[in-house]
Amino acid sequence: MISGRCAACKYLRRRCPSDCIFSPYFPSNIPQRFACVHRIYGASNVAKMLQQLPAHLRAEAANSLYYEAQSRTQDPVYGCVGVISLLHQQIHSVESQLAKTEAEIAVLNSLAQEPAQIQENEVEATFNNFLLEQDIIASRRFSHSTYISSNFI
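Residues numbered from 1 in each chain as written. Predicted model: local features only at pLDDT ≥ 70, side-chain atom pairs only at ≥ 80, totals over all residues. Heavy atoms only, no water.

In the annotation of an unreviewed UniProt entry, the entry for the chain reads LOB domain-containing protein, and the organism field reads Salix brachista. The annotation that UniProt attaches to the chain under Sequence similarities (unreviewed entry) is "Belongs to the LOB domain-containing protein family." (UniProt positions renumbered as here; feature names shortened; annotations may be inferred.)

This is how it looks when you write it as structure tokens:
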């Protein structure tokens, strides 16, 4: 136990026992950590969750509870799922950009290898068709990942 009361016992205005479940994870020098977790989950529920876990997983669980409580405070509707969704959107955007860049490189490489001159509009048409195919592939990947992430909401 940390000298004095832990942040949870101070917040709850009670004596901190030597075997306090909160003291290793909610030190007295960071009181807002427990206050945030308590506001979302409640002290009793947090204590039950921590007691049900093996001792080596409790610190990670307390960190996760704090992160999720912070996320829920900032975004009451989606919480940390909103952050995950935003990251999925960013991944889709970057994959799309990568596919377009790869398509452009492939078209330029094929033009460099062909000895005959190709008219400019044929090159653009080939390039645009390739980009369209890549967009379709990327959107299929995104809709699959959206389907997966929507199952967790």
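From this point on, the discussion continues.
A. Up close: the overall build of the chain. When helices and strands are counted, the chain shows six helices and zero strands. Considering only contacts in the chain between residues 6 or more positions apart, those separated by 24 or more positions represent 49%. Carbon and sulfur atoms make up 55% of the accessible area of the chain, which amounts to about 10600 Å² in all. (Helix = DSSP H or I, 4+ residues; strand = E, 2+ residues; numbered from the N terminus. Contact = heavy atoms within 4.5 Å. Areas by Shrake-Rupley, 256 points an atom, 1.4 Å probe, with all protein chains shown as cover.)

B. Spotlight on a nonpolar patch on the surface. A cluster of nonpolar side chains, contributed by Tyr 67, Val 83 and Leu 87, occupies part of the molecular surface with about 260 Å² of accessible area. On the secondary structure map, Tyr 67 appears in helix H4 (residues 55–74). (Patch = residues over 30% accessible without salt bridge, like charges linked within 9 Å, V, L, I, M, F, W, Y side chains within 5 Å. Salt bridge = Lys/Arg side-chain N within 4 Å of Asp/Glu carboxyl O.)

C. A look at unusual backbone geometry. Within the chain, Arg 13 stands out as a residue other than glycine whose phi angle is a positive 55°. Relative to the helices and strands, Arg 13 is located in the loop between helix H1 (7–12) and helix H2 (31–41). Residue Arg 13 is classed as exposed on the basis of its relative accessible area of 77%. (Buried < 20%, exposed > 50% of the residue type's maximum accessible area, 1.4 Å probe, protein only.)

D. Geometry of the UniProt feature "coiled-coil region" (unreviewed entry) in the chain. Here the UniProt feature "coiled-coil region" (unreviewed entry) sits at residues 84–111. The distance from the first to the last C-alpha atom of residues 84–111 is 41 Å, and the span holds 100% helix and 0% strand.

E. Quick peek at the packing of H2 against helix H3 (residues 43–52). H3 packs onto H2 with a crossing angle of 100° between their chain directions and a minimal axis gap of 7 Å. Taken together, the axes of H2 and H3 are roughly perpendicular relative to one another. Across the interface between the two elements, Phe 34, Val 37, His 38 and Tyr 41 from H2 touch Ala 43, Asn 45, Val 46 and Met 49 from H3. For the contact of H2 with H3, the per-class residue count stands at six nonpolar, two polar and no charged. (Axes fitted to C-alpha atoms, helices over the stretch in contact; angles between N-to-C directions. Parallel < 35°, antiparallel > 145°, perpendicular 65-115°, else oblique. Nonpolar A, V, L, I, M, F, W, Y, C, P; charged D, E, K, R; others polar.)

F. The packing of H3 against H4, seen in detail. Packing of H3 against H4 leaves a shortest axis separation of 9 Å and a crossing angle of 150°. Taken as a pair, H3 and H4 cross one another with a handedness that is right-handed. Touching Val 46, Met 49, Leu 50 and Gln 51 of H3 are Arg 58, Ala 61, Ala 62 and Leu 65, all from H4. Looking at the contact of H3 with H4, its residues break down into six nonpolar, one polar and one charged. (Left-handed = near helix turned anticlockwise from the far one by under 90°.)

G. The arrangement of helix H5 (residues 80–113) in detail. Here H5 is 34 residues long and its end C-alpha atoms lie 50 Å apart, about the 50 Å a rise of 1.5 Å per residue gives. When H5 is considered as a whole, its buried residues turn out to be Ser 96, Ala 99, Ala 103 and Val 107. (Expected span 1.5 Å × (residues − 1).)

H. Fine view of the nonpolar core. Ranked by size, the top nonpolar core spans 22 residues in total, and within it Cys 6, Phe 22, Phe 26, Phe 34, Val 37, Val 46 and Leu 50 carry the most contacts. Those elements that place two or more of their residues in this core are H1, H2, H3 and H4. If we skip the residues at most four places from it in the chain, Phe 22 touches Cys 6, Ala 8, Arg 14, Phe 34, Ala 43, Val 46, Ala 47 and Leu 50. (Core = buried A, V, L, I, M, F, W, Y, C linked by side-chain atoms within 4.5 Å.)

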